[in-house]
Structures are given as structure tokens and as C-alpha cells.
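The lines below spell out each chain.
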Amino acid sequence: MKYIGSGKQLPILTGLNSGVWKRVSSKAKEDVESVAKELLQIYALREISKCQKIISSEKELDEYWEFVNEFEFSDTEDQYINKKISLDLKKVSLWIDFWLEMLALVNRNSNESCFCCC
């Protein structure tokens, strides 16, 4: 398989016990932890906010999408964008689960040289 990356330079290969790998993996751990902490803060603020949820159950969400999909008129550009945003927001919980798992993985393997999949 051919390496595809940004730029025209070939990647530099380093050993897992090298100082370069340790710096790269340490930076990646910090970045993952930073993003996970930021997401946790955002969702903690959302949980304690005083706003009333518009759709509070999976059934209501299903009813909403059933209504949207059965609507006989086509969307304007703004409505289409709002629909895309709604679909993206539906995926947010999956991303939160992913980042929480990544944070747990980083913490679990914090003393090892490879934290991604080993």
C-alpha cells in the first residue's frame, strides 16, 4: 500500500524506542487528552444548563424524523443545511463515546511507548 499524506515529502520512519517516537506519541497523547477534556467540559455544561430539551426521548426523535421524511415539499437551501446540522448533531454522542474511550486508553497505557492500538 502506498503512503498518502499531506505534502510531497516522504514520511520519516522512526523506531518505537527512539526519542522522536516518544516525543510524537507524547504530543499525540496530550492532544487527545486536551480534546477529550474540552468535550467533557462542553457536555458537562450542557448537562447542568437550565434549558429544556426539545426532543427528550428516542421515540420523539424517531417521530420527528418520520415527520421530516414524509414532508411533501422540497427543502430550501437553508432548510437543507439545518437538516444536515441535525444529522451531524445526532452523531455527536458517538464522537463523545469515541473520545472518552481514547482518553481511557491513553490513561491506561500512559507508561507504554505505543498508545494507539497495541
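Use the structure listed above.
In this text the structure is predicted, and so the values were computed from the model without any measurement.

Quick reminder: α-helices carry 3.6 residues per turn. Residues three or four places apart thus point the same way. For helix α1 (residues 19-48), with 30 residues, the first-to-last C-alpha span of 43 Å sits near the 44 Å given by 1.5 Å per residue. Those residues of α1 lying buried are W21, S25, K29, V32 and A36.

To continue, consider the packing of aromatic side chains. Counted under the stated rule, the structure contains three aromatic pairs. Centroid distance F67 to F71: 5.9 Å. Interplanar angle 55 degrees. Geometry classified as tilted. Connected via pairs of aromatic rings, a cluster forms that spans F67, F71 and F73.

Following the sequence through the fold, L100 ends up in helix α3 (residues 77-108). C-alpha of L100 to C-alpha of V35: the two residues are 65 residues apart in sequence and 9.8 Å apart in space.

Counted under the stated rule, the structure contains two salt bridges. Note that K37 and E33 form a salt bridge whose closest N and O atoms lie 3.2 Å from each other. Of this pair, K37 and E33 both sit in helix α1, four residues apart, roughly one helical turn. Given a relative accessible area of 25%, E33 falls into the partly exposed group.

As a further point, take a nonpolar patch on the surface. Together, Y80, I81, I85 and L89 make up a nonpolar patch on the protein surface, roughly 390 Å² of accessible area in all. Secondary-structure assignment places L89 in helix α3.

What counts, and where the lines are drawn
- Residues numbered from 1 in each chain as written.
- Predicted model: local features only at pLDDT ≥ 70, side-chain atom pairs only at ≥ 80, totals over all residues.
- Heavy atoms only, no water.
- Helix = DSSP H or I, 4+ residues; strand = E, 2+ residues; numbered from the N terminus.
- Expected span 1.5 Å × (residues − 1).
- Buried < 20%, exposed > 50% of the residue type's maximum accessible area, 1.4 Å probe, protein only.
- Phe/Tyr/Trp six-rings, centres within 6.5 Å; stacked < 30°, edge-to-face > 60°.
- Salt bridge = Lys/Arg side-chain N within 4 Å of Asp/Glu carboxyl O.
- Patch = residues over 30% accessible without salt bridge, like charges linked within 9 Å, V, L, I, M, F, W, Y side chains within 5 Å.
- Areas by Shrake-Rupley, 256 points an atom, 1.4 Å probe, with all protein chains shown as cover.

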